[in-house]
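# Structure assessment
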Amino acid sequence: MKPSILSIEKWRIVSVIFVILVGGLLTDAWLISIAFSLFGYIVWMYYKTYQFYTWVINGTGQNNVPDSDGIWDKINYQVLQDKNKSSSRKKRMNALLKRSQSILKGFPYAAIVLNQNNEVDWSNSKSVLLNIVKNDRGQCINNLIRSPKLYKLLNANEDGSEIEIESPKDSSIQLLLKIITIGANSKLLIARDITQRNKTLEMRKSFISNASHELRTPLTVISGYLEMIKEDKNLPKSLSTPIDTAYEQTKRMQNIIEDLLTLSRLESTDDIQDISTSINMEKVINHVCQDLNQVVTVEINTDEVIVGVETEVISLCANLIQNAIFYTPKGTKIIVRWYANGGNKLCLDIQDFGKGIPNKHLAHLTQRFYRADKGRSKEQGGTGLGLAIVSHIAQRHNAVLTIDSKVGSGSTFKVCFLVNN
Ligand code: ADP
């Protein structure tokens with residue numbers, strides 16, 4: 001409990017009363033005695049206030065604390081305590097700031113701290129990749145790097161969003177830029193040189209594409225001959241099974257090659273805007289379903305169209321519907337639904353009531369050659385590339401593929417296209 005001012009100042013109050021009493025008794029002039037005593041007390045208080053004021057404006061130093069007692073001693077002590085606390089907090093903050101700056105200095109990527117107006121507050125030496133040097137502090141980043149993509153990224157205010165741009169210093173360098181929000185008013189812009197990574201990816205893509213092209217012709221020849229031998233009436237019975245198996249395997253390889261070439265094509269044409277047309281999904285779904293040897297329930301709840309590449313959307317739809325048929329027992333109910341979801345989404349659901357997919361596989365299904373049910377996939381002639389193709393087509397059409405599945409209940413593959421009204 002805090003002591004009251006009366007208890008802290010009791011001796012001074014007693015002294016003032018004592019002086020009043022003595023003065024009053026000796027002179028019998030009580031009013032004058034009271035006035036003199038109070039005047040003395042006020043002068044003393046004024047002097048102490050002045051001392052305190054001088055001490056405060058001189059920086060509240062530890063060595064020149066005004067000599068005092070009572071309430072003034074308490075005030076001086078409290079001021080010193082607060083000062084010590086705030087200076088140790090300041091020291092801690094400075095140490096923390098220095099430590100964070102030295103971490104960012106040693107960071108292998110360009111790191112730039114921006115304030116709420118997107119002006120450069122601090123940058124490390126690697127920021128030269130973005131043509132930003134120490135002298136650029138205080139300048140708006142959009143004036144230093146003229147990039148509509150960066151402008152969009154900064155205004156989107158989405159933590160962790162990334163873009164790829166060419167280095168403003170050297171256009172042969174590709175950079176991956178990422179925004180991280182720090183506190184309410186600052187952002188950290190990180191730029192990583194991904195030139196080598198992109199080159200490796202390009203090499204991998206072109207290797208797969210070239211290898212697939214090279215294998216395509218010999219495989220067509222082999223499968224043609226095998227088909228001819230297979231049909232030959234004079235083929236000895238003992239060779240019939242090996243030839244059939246060889247023919248089946250060649251067909252599988254041909255399917256894999258075709259799917260790999262499809263993926264390469266999807267990867268090499270980044271922008272689909274020039275080849276886009278309006279697509280009527282009802283027509284696409286009916287077209288895919290007419291060639292199936294199983295009945296599927298089609299529910300069309302919207303006649304809104306999407307914009308995209310029709311052959312790709314047909315392939316997306318066919319892959320998902322064929323999977324629903326392949327991976328469920330014959331006769332299982334399959335529903336294909338096309339509907340508007342919220343104000344700006346059009347969704348395609350392929351729902352089956354098969355045995356479902358265990359949860360641990362769901363996140364990996366769109367990876368190339370990933371199979372949840374290896375036996376069934378091979379038995380059905382699956383390539384393990386169907387969902388990779390679907391996911392790629394979805395991405396190119398600004399759509400999101402989500403997979404929902406429950407063991408024992410079935411699976412729903414949902415593709416939601418974003419429509420700009
Ligand atoms: P695949 O050529 O093997 O069918 P996909 O990429 O199309 O390759 O599918 C990957 C894996 O996802 C399949 O091997 C299968 O295990 C699983 N899968 C896909 N669709 C379904 C489905 N409707 N029901 C259960 N499993 C599925």
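The structure displayed is predicted, hence computed values, not measured ones.

## Looking at the overall build of the protein chain
Helix and strand content of the protein chain: 13 helices and 12 strands. For 421 residues, the compact-globule formula gives about 22 Å, and the C-alpha radius of gyration of the protein chain, at 40 Å, lies well above that figure. Taking the principal axes of the C-alpha coordinates as reference, the protein chain spans close to 150 × 50 × 45 Å. Expressed as a percentage of the 421 residues in the protein chain, the buried residues total 37%. Accessible area for the protein chain stands at about 26,300 Å²; split by element, carbon and sulfur atoms hold 56% of it.

## What to know about the site of the ligand
Around the ligand there are 19 residues in total, and Tyr327, Ser377, Thr383, Gly384 and Leu387 lie nearest to it. For the ligand, an oxygen atom lies 2.6 Å from a polar atom in the side chain of Tyr327. One of the backbone N or O atoms of Leu387 is found 2.8 Å from an oxygen atom in the ligand. Relative to its unbound accessible surface of 530 Å², the ligand loses 96% to contact with the protein. Broken down by secondary-structure element, the contributors of at least two residues to the shell around the ligand are helix 10 (310-326), helix 13 (386-396) and strand 12 (410-418). Taken together, the residues of the shell around the ligand sort by class into nine nonpolar, seven polar and three charged.

## Describing the domain arrangement of the protein chain
Along its sequence, the protein chain is carved into domain 1 (5-94), domain 2 (106-193), domain 3 (196-268) and domain 4 (274-421). On a C-alpha basis, the centres of domain 1 and domain 2 stand 56 Å from each other.

## Some points on the sheet that holds strand 12
Overall, mixed pairing links the five strands, which are arranged 7-9-10-12-11 in an open sheet. Looking at which strands have only one partner, the edges of the open sheet turn out to be strand 7 (297-300) and strand 11 (399-406). Adjacent strand axes in the sheet meet at a mean angle of 15° when their direction is disregarded. Here strand 11 pairs with strand 12 via eight bridges, running antiparallel. Within the sheet, the bridge partner assigned to Ser405 lies in strand 12 and is Ser411. Its contacts with the sheet place helix 10 against strand 9 (334-341), strand 10 (345-352) and strand 12, and it is angled at close to 25° to strand 10. Strand contacts of helix 13: strand 11 and strand 12, with the helix running at about 140° to strand 11, the strand carrying the most contacts.

Calculation notes
- Residues numbered from 1 in each chain as written.
- Predicted model: local features only at pLDDT ≥ 70, side-chain atom pairs only at ≥ 80, totals over all residues.
- Heavy atoms only, no water.
- Helix = DSSP H or I, 4+ residues; strand = E, 2+ residues; numbered from the N terminus.
- Rg over C-alpha atoms; globule rule 2.2 N^0.38 Å.
- Buried < 20%, exposed > 50% of the residue type's maximum accessible area, 1.4 Å probe, protein only.
- Areas by Shrake-Rupley, 256 points an atom, 1.4 Å probe, with all protein chains shown as cover.
- Near = heavy atom within 4 Å.
- Polar contact = N/O pair within 3.5 Å; in protein donor to acceptor, adjacent residues only side chain to side chain.
- Nonpolar A, V, L, I, M, F, W, Y, C, P; charged D, E, K, R; others polar.
- Domains from an automatic or database assignment.
- Pairing = 2+ DSSP bridges.
- Axes fitted to C-alpha atoms, helices over the stretch in contact; angles between N-to-C directions.
- Contact = heavy atoms within 4.5 Å.

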